[in-house]
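Remarks on the overall topology
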Amino acid sequence: MKIGNKEFDLNNHCYIMGILNVTPDSFSDGGKFNTLDAALRHTEEMIQDGAGIIDIGGESTRPGHIVISEEEEIARVTPVIEAVKKHFDIPVSIDTYKGKVTLAALQAGADLVNDIWGFKHDPEVAAYTAKYNAACCLMHNRNEAVYDDFQKDFIRDLSECIAIAKKANVPDDKIMLDPGVGFGKTYEMNLEIINHLEIMKQLNYPILLGTSRKSVIGLTLDLPANERVEGTLATTVIGVMKGCSFVRVHDVKENYRIIKMTEAILSK
């Protein structure tokens, strides 16, 4: 899979998408990297620790988050995208579900569109992704965790996202899928989908797992966001064993090491 200028060999290898939230209110790192210097320092650190993609977000999407205007989101993310692309040779992802933000981010140099609504919120996101020949990550999401048959409905929902992408002429080799842990699911459903990631293989696209520091870990271990590294690592190991091609994480060094160890064992 090619993202920007980088080829990702998805055969038996899992890559890291490092999280760079340039927001004042993200659940575990709000306000830490919302100046340009801090964002660049953290980007450099994540690259040194093993990140293969940098995912830049300008609006917190945690439950109960404050929705900001497209203009404010653009003002937060575009200078950081431009600076990261200027200083580092690494693909950049824009974490947004809004059309105008997608366009501005792609014009600023973003290589991948990471949409928590899987192109269902704003049709312009798919259109701009195709126009700029960008890669995309389509995440499973619902307004409410109400299902007739969770796993079947889950696959059907993601199939709808894929159909939107294909209708907009996004090429198959530019699409990856995210199970959407923490979005539109109960606590039990979050655990279930992590345990059954292999059901996504029937859709024939690379899988990105994003569980880093999320509430399913906090609820299981009864720990705050800044103490969920070990829980995240457990999900990363499962993700690698289930065939995920990417993990989206805050703690790059720890996840890089555990992926390398897991892959070494699985190769024998």
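Before any of the text, the structure's been laid out above.
Keep in mind the model is a prediction, meaning the values are calculated, not measured.

1. Re the nonpolar core
In this structure, Leu20, Ile56, Ile81 and Leu177 are the most contacted members of the largest nonpolar core, which totals 64 residues. Considering each element in turn, this core owes the most residues, seven residues, to helix α5 (residues 150-167). Those residues within four positions of Leu20 in sequence are excluded, and the remaining contacts are Phe33, Ala39, His42, Thr43, Met46, Ile54, Asp55, Ile56, Gly57 and Val80. Core analysis: the next-biggest nonpolar cluster, separate from the first, contains 12 residues, Ile53, Leu112, Cys137 and Met176 among them.

2. Some remarks on the packing of aromatic side chains
The tally for this structure, following the rule as stated, stands at five aromatic pairs. On the numbers, 5.0 Å between centres and 85° between planes, the contact of Tyr147 with Phe150 is edge-to-face. Each member of the pair, Tyr147 as well as Phe150, is classed as buried.

3. Here we look at the environment of Lys98
On the secondary structure map, Lys98 appears in the loop between β5 (92-95) and α3 (99-108). Placed 25 residues apart in sequence, Lys98 and Pro123 show a C-alpha to C-alpha distance of 8.8 Å. Residues within four places of Lys98 in sequence aside, it is in contact with Glu59, Val67, Ile68, Ser69, Glu70, Glu73, Asp122 and Val125.

4. Observations concerning the side chain of Glu59
Among the structural elements, Glu59 can be located in the loop between β4 (53-57) and α2 (70-87). With relative accessibility at 4%, the residue Glu59 sits in the buried group. Within the structure, Glu59 has its side chain in polar contact with the backbone nitrogen of Ile68 (distance 2.8 Å).

5. Quick look at the pairing of strand β10 (residues 246-249)
Here β10 shows a buried face lined by Phe246 and Arg248 and a second buried face lined by Val247 and Val249. For strand β9 (residues 208-209) and β10, the ladder comprises two bridges, and the chain directions are parallel. Bridge pairing links Leu209 to Val247 in β10.

6. Describing the environment of Val216
Relative to the helices and strands, Val216 resides in helix α7 (residues 215-221). It is 6.8 Å that separates the C-alpha atoms of Val216 and Asn190, two residues lying 26 residues apart in sequence. Those residues in contact with Val216 that sit more than four places away from it in its chain are Val181, Tyr187, Asn190 and Leu191.

7. Regarding the side chain of Thr236
Position of Thr236 relative to the elements: it lies in helix α8 (residues 229-241). Taking the relative accessible area as the measure of exposure, Thr236 reaches 2% and is therefore buried. Beyond its immediate stretch of four places on either side in the chain, Thr236 contacts Val247, Val249, Asn255, Ile258 and Ile259.

8. Observations concerning unusual backbone geometry
Positioned with a positive phi, Asn12 is a non-glycine residue whose angle comes to about 60°. With respect to the element layout, Asn12 can be found in the loop between β2 (6-7) and β3 (15-21). At Asn169, a position not held by glycine, the phi torsion is positive, near 75°. The topology assignment puts Asn169 in the loop between α5 and β8 (175-178).

9. Structural notes on the environment of Val77
Within the secondary structure, Val77 is located in helix α2. Along the sequence, Val77 and Glu263 sit 186 residues apart, while their C-alpha atoms lie 34 Å from each other. Setting aside its immediate chain neighbours within four residues, Val77 contacts Val22, Ile56, Gly57, Gly58, Ile94 and Val101.

10. Comments concerning the pattern of salt bridges
Within the structure shown, the criterion is met by 12 salt bridges. As a salt-bridge pair, Glu73 and Lys98 come within 2.9 Å of each other at their nearest N and O atoms. Placement of the pair is Glu73 in helix α2 and Lys98 in the loop between β5 and α3, with a sequence separation of 25 residues. Of the charged contacts in the structure, one is a salt bridge between Arg248 and Asp95, with a shortest N-O distance of 3.2 Å. With Arg248 in strand β10 and Asp95 in strand β5, this pair connects stretches of sequence that are 153 residues apart. A single salt-bridge network, built from bridges that share partners, covers Asp55, Asp95 and Arg248.

11. A closer look at the sheet that holds β3
Strand order in the open sheet made by the eight strands is β8-β7-β6-β5-β4-β3-β10-β9, with parallel pairing throughout. If you trace the sheet from one side to the other, it starts and ends with β8 and β9, each paired once. Of the pairings in the sheet, the one linking β4 to β5 comprises four bridges and is parallel in character. If you follow Gly57 over to β5, its bridge partner there is Asp95. Sheet contacts for helix α9 (residues 252-266): β3 and β10; angle to β3, the most-contacted strand, approximately 170°.

Reading the values: rules and limits
Residues numbered from 1 in each chain as written. Predicted model: local features only at pLDDT ≥ 70, side-chain atom pairs only at ≥ 80, totals over all residues. Heavy atoms only, no water. Core = buried A, V, L, I, M, F, W, Y, C linked by side-chain atoms within 4.5 Å. Buried < 20%, exposed > 50% of the residue type's maximum accessible area, 1.4 Å probe, protein only. Helix = DSSP H or I, 4+ residues; strand = E, 2+ residues; numbered from the N terminus. Contact = heavy atoms within 4.5 Å. Phe/Tyr/Trp six-rings, centres within 6.5 Å; stacked < 30°, edge-to-face > 60°. Polar contact = N/O pair within 3.5 Å; in protein donor to acceptor, adjacent residues only side chain to side chain. Pairing = 2+ DSSP bridges. Salt bridge = Lys/Arg side-chain N within 4 Å of Asp/Glu carboxyl O. Axes fitted to C-alpha atoms, helices over the stretch in contact; angles between N-to-C directions.

Keep in mind these values describe shape, not function.
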